[in-house]
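# Observations on the three-dimensional arrangement
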Amino acid sequence: MRKVYSRIIQISGDVITVEAKGVANRELAEITTSRGKSLAQVIRLDGDKVYLQVFAGSRGVSTGDEVRFLGHRMQVSFSDDLLGRIFNGSGIPRDNGPALAENVVEIGGPSVNPAKRIIPRKMVRTGIPMIDVFNSLVVSQKLPIFSVAGEPYNELLARIALQAEVDIIILGGMGLKYDDYLYFRDTLEKYGALSRSIFFVHTAADPTVECTMVPDMCLAVAEQFAVTGKAILVLLTDMTNFADSLKEIAITMEQVPSNRGYPGDLYSQLAARYEKAVDFEGSGSITILAVTTMPGDDITHPVPDNTGYITEGQLYLKNGRIEPFGSLSRLKQQVNDKTREDHRTVMNSMIQLYADYKETKEKEAMGFQMTRWDRKLLKYGEMFEKKMMDLSVNIPLEKALDLGWEIMADCFTPQETGIKTEMIEKFWPQGRNEGRDVEEEGEDAEEAGAAEVNDVLEVDSGREGDEIVEEALSDDSVPGPPESADLVTKEVN
Amino acid sequence: MSVRTGHIAGINGNMLVVDFADFVVQNEVAYALTGKERLKSEVIRVRGKKAELQVYENTEGLKVGDPVEFTGELLAVKLGPGLLTQIFDGLQNPLPEIAEKCGFFLKRGFYIEPLSDKKDWEFTPIAEVNQKVRAGDYLGKVPEGIFDHYIMVPFEMRGEYEVISVAAKGSYKITDNIAELKDSRGQKYNINMIQVWPVKIPIAAYREKLKPEEPLVTKVRIIDTMVPIARGGTYCIPGPFGAGKTVLQQITSRNAEVDIVIIAACGERAGEVVETLKEFPKLIDPRTEKPLIERTIIICNTSSMPVAARESSVYTAVTLAEYYRQMGLNVLLLADSTSRWAQAMREMSGRLEEIPGEEAFPAYLESRIASFYERAGIVRLNNGELGSVTIGGAVSPAGGNFEEPVTQATLKVVGAFLGLSRERSDARRYPSIDVLDSWSKYKSFVDPEQIAYARGLLVKSAEVDQMMKVVGEEGTSLADFIDYLKGEYIDEVYLQQNAYDKVDDATSEDRQKYVFNVLHEILTARLKLRDKDAARSFFHEIRQIFRNWNSAPWESDEFKKLEKSLRKRVAEISDLPITGSGRKDAGESGQEVRNEKDTEEAEDNGDAKENGRDTKDKKTVNKKETKDTARSGPV
Ligand SMILES: Nc1ncnc2c1ncn2[C@@H]1O[C@H](COP(=O)(O)OP(=O)(O)OP(=O)(O)O)[C@@H](O)[C@H]1O
Ligand SMILES: [Mg+2]
């Protein structure tokens, strides 16, 4: 039995100070108060003074309360018994199930040796075209959803979790609204995924300190499962609450804030969690999808800003849709050349055309006259938003690519899309010429003339490996000139 | 001799307060002992009988009263053959070997010798018996990959020595003695192939430091032409997240014309290092025809690795750079990101409860940054040869705002500022260096008058662009509009460069000079353009040709052919001579005729049509502006 101390000499914020000997840094203690028991963790040692962060908060702690040191650091039990269970940030069950104590592992373990990492190469299919087609999610990616409060980010997380082909889903809730917690639970249950899920949930009503434990709990468990060969998806919502909890604690510890009250180590703190995302060679993987709410829709706010510097891109959720601009999967090029050969073409062309549509919208708003081309773009943009961007759309990648071709064919002639001839010949929907109307015939004939010139140049250039080229250039190049005179003639006839 | 020891009196994050008995040395290395683990630390402040130490590891589990051993040595690296191709952490532990021993995860307190003492090296003596030598003089050499790796008189040896003996040609291990020296008092010294040097002290075994003047060719056009870098110079790349700092450094690490590249991955993503790690053994360096990894050292202390070691990683990197410079080599050090290094200092300063400066950075931030970049330079070695260290640091300013302490402190000391802009990266204009914002104190190899002319056009173009946002295209004169198009043209065909195109991704010095000259001719040609539509379609047409030209291998037939069609097209509506000033090209006559005919048609069409394609073209003009409003990002 370890020694019990009862000389609490200071209480400040959720940090209490006791006088004790032989205590290890980051060790856990149990404090018994009139409100019950709570865990606490050593965060600083100064001679005999031991500073402890009380998980349940310091409210009601008396200077005479007992503190018992446990001789180990924060741990989490790890076994298949975790599946289907729901815990709080201290690892205590919230689902009336039994507490788990076997096979414990310490949380916040060392990082993966960079030399052991591999280049990510497996795509995670989500059924959401805005992700699968335009910003493919990749196994071992760390990707946050940037969003203002009120957007359906939790719904999005739940959908991706249900759709993704992963073995285990681990949900970390931080400052989660109770309703949202129930929503996750019920949704996963309804679709039969609860039995392969584990929840660590801190709700808005729970103590601040527990909020900061949630990512480490989730990731420690994830790591254990991953090294045994399982593919894990970790959902963290909302990391801004996590950062705010760190801020609160830092301020009570009288640390000098660096930026808008956040501690100077915010970057390192966030990175320590996000960098747990990994694909173990010959074993399992951890993919992290997080929510970062942006106060005031301000991307330069310290939390999204530091996050952006750490993660491998971001999804930008606005007005209930994943915005194609502002969203970026930095790993997409690792996988989107291995899906279907038209993947990159559809991705680049559709985004380019959508960018053009945005400009037309702006012109329209400024009262400029709309040309025929503008009207085509308007039609396209609306179809794109309705059939592709809408979050309710749920189709496999291949279907989404087909749909992409159909939308383009509904709105444009092949050459207006600037897509290379060989792709057009292979993928352009047969017998579709909705993109054309009678008055346009003449115009296209004229274009054919112009096209030939460019054609000569195109042929001369003999460029190969254009897929990537397109990717790098697509946004600032106009939907290119028709690529083959043949094609143009065919269309005109 | 007994070890000096102390005991832990306090722990705050990775900072220890240690009671000691006799004495301590500022910045000496110490080990905190817990169980079987020995955690490397450094003395960073002494107050009375208490020393404050930063621990290069996680401090979990340490207790008040735990013993600490002081070593008397400053934090140092081992220098010798076998450094190239390696990947070290910030304390010079070889990560692949740690992986072999520890598996997937790093292990606290587990340190491995950076250089192998098992390997044999073919030694050839250089120094002769009775020769007088000084620190840095060559005693012999061993081949290390593609380089002659000189074994030098250790840098810490002051004054003059006499060579008593040098090992004969043959095979030796790094721990074998290869020479014996004698100082003026007759004291003898055995020299092997390893020397130890403290990372925070610059190696100064050279005759003089020179002014960096010779351009360092990066083969990135926008850098070499508009904001050049010099051998032995310094530059920084600040930019918001996702703007392309890392990609730009990766491109430079592949293509720059230097002998050795040292990559310091300092507090950034581990995944990015892995790309380099896995690709470099496969990528062939065209200059040496050997895999790029043979000229590379990677120092990898990524964001989730211990913060104090992150702080030391940039020093480790620059010390290795200086070491190879001493062999008369040109070394390029790329640090990504120096902001993480500055943050590591900030974290430590906070724990020491020092009086914080702006954004809580310590007051000495500026001087630390300055002294780091001061370690760059081109030097004349004792043997008269030149060697250089060039330093390029990425900076990650909070909120992408350059008005912050790290960017500002860096700008004061570097020779070139390559500022990346969110607007440009959103518009996917890569490399996203904003040339009008950026500057360089170094000279380009491209004709300065031509550069000045292009820069003038870029300024004008930006002005017209701004103006057009207010008065619209209608309210802009044709002359202004053409200047606007010319500015865009320079950007689109020259400043932007496609990192993923096999040819375009690296443009040699000769090619840059040549191409820029042609560009200059186009820009200065008197164009006869009827109206704005004609102007726009003309520039779009020659843009397409120029871009194809950029993708054509240098001096290939295709290159010549495309140049010809470019010139022809411009000549048709201007006073530009069809054959270039520099070079005569022989194109097939059949081709010529065909081009001519087609081109004419195009011009007619371009002028007359008021159709879809034309409207589309117009959109490009406003692209940048609209995209910003749409919060665009790379797709
Ligand atoms: N020269 C380029 N050509 C094509 N794409 C580029 C280029 N530079 C950057 N990109 C695109 O932008 C993405 C982000 O670039 P990069 O990783 O270099 O940004 P960064 O400035 O280092 O960001 P961070 O500060 O977050 O590390 C890349 O994944 C790539 O998709
Ligand atoms: Mg980067």
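Residues numbered from 1 in each chain as written. Chains lettered and ligands numbered in written order. Predicted model: local features only at pLDDT ≥ 70, side-chain atom pairs only at ≥ 80, totals over all residues. Heavy atoms only, no water.

## A closer look at the overall build of chain A
Applicable threshold: Only DSSP runs of H or I with at least four residues qualify as helices, and only runs of E with at least two residues qualify as strands; both kinds are numbered from the N terminus onward. Per-residue accessibility, obtained with a 1.4 Å probe over protein chains only, is compared with the maximum for each type, and a residue is labelled buried under 20%, exposed over 50%, and partly exposed between these values. In these tables, accessible area is a Shrake-Rupley quantity obtained with a 1.4 Å probe, and a residue counts as shielded only by the protein chains included in the view.
Across its full length, chain A carries 15 helices and 23 strands. Counting across all 493 residues of chain A, residues that qualify as buried make up 62%. With an accessible surface of roughly 17400 Å², chain A has 47% of that area assigned to carbon and sulfur atoms.

## Thoughts on the site of ligand 1
This is how the line gets drawn: To be near a molecule or strand, a residue needs just one of its heavy atoms within 4 Å of it. Contacts described as polar in this section are N or O atom pairs within 3.5 Å, which, within protein, must combine one atom able to donate a hydrogen with one able to accept it, while residues neighboring in sequence count only if both atoms come from side chains.
The local shell around ligand 1 holds 16 residues, among which Gly242(B), Lys245(B), Thr246(B), Val247(B) and Arg269(B) are the closest. Positioned at a junction of chains, ligand 1 has nearby residues supplied by chains A and B. Between an oxygen atom of ligand 1 and a main-chain N or O atom of Gly242(B), the distance comes to 2.8 Å. At 2.9 Å, a backbone N or O of Gly244(B) approaches an oxygen atom of ligand 1.

## Re the sheet that holds strand β10 (residues 132-133) of chain B
Residue and element names in this part refer to chain B. How we decide: Whether two strands pair depends on DSSP finding at least two bridges between them.
Ordered in space as β10-β13-β15-β16, the 4 strands form an open sheet in which the pairing is antiparallel. A strand with exactly one partner marks an edge of an open sheet, and here the two such strands are β10 and β16 (188-191). Pairing of strand β13 (residues 161-166) with strand β15 (residues 179-182), which is carried by 4 bridges, proceeds in the antiparallel orientation. If you follow Val-166 over to β15, its bridge partner there is Ala-179.

## Quick notes on the sheet that holds strand β14 (residues 170-172) of chain B
All names here are of chain B. In plain terms, the rule: Axes, fitted as lines to C-alpha atoms, cover a helix only where it is in contact. Angles between the N-to-C directions of the axes lie from 0 to 180 degrees.
Read across the open sheet, the 4 strands follow the order β12-β11-β9-β14; overall the sheet is antiparallel. Looking at the sheet topology across the chains shown, the edges are occupied by β12 (147-152) and β14. For this sheet the average axis-to-axis angle between neighbouring strands, irrespective of direction, equals 40°. When strand β9 (residues 121-125) meets β14, the two strands line up antiparallel, connected through 3 bridges. Bridge pairing links Phe-123 to Gly-170 in β14.

## A few points about a nonpolar patch on the surface
Defined as follows: Each patch is built from residues that are more than 30% exposed by relative accessible area and take part in no salt bridge. Like charges join if they lie within 9 Å; nonpolar side chains (Val, Leu, Ile, Met, Phe, Trp, Tyr) join within 5 Å. The term salt bridge refers to a pairing of a side-chain nitrogen on Lys or Arg with a carboxyl oxygen on Asp or Glu at a separation within 4 Å.
Residues Phe23(B), Val25(B), Leu74(B) and Ile201(B) make up a contiguous nonpolar surface patch of roughly 300 Å² in combined accessible area. Its location among the elements puts Phe23(B) in the loop between β2 (15-20) and β3 (28-34).

## A word on the domain arrangement of chain B
Operational definition: What marks off one domain from the next here is an automatic or database domain assignment.
Looking at the assigned domains, one finds that chain B contains domain 1 (4-74), domain 2 (121-193), domain 3 (208-440) and domain 4 (448-621). For domain 1 of chain B and domain 2 of chain B, the distance between their C-alpha centroids amounts to 36 Å.

## Let's talk about the nonpolar core
Residues and elements named next belong to chain B. Condition: To qualify as a nonpolar core, a set must consist of buried Ala, Val, Leu, Ile, Met, Phe, Trp, Tyr and Cys residues joined through side-chain atoms within 4.5 Å.
Grouped together as the largest cluster of nonpolar side chains are 84 residues, with contacts concentrated most on Ile-262 and Tyr-324. With 10 residues, helix α5 (residues 307-325) is the largest single contributor of residues to this core. Listed in part, the 82 residues of the second largest apolar core include Ile-223, Ala-230, Ala-416 and Phe-546.

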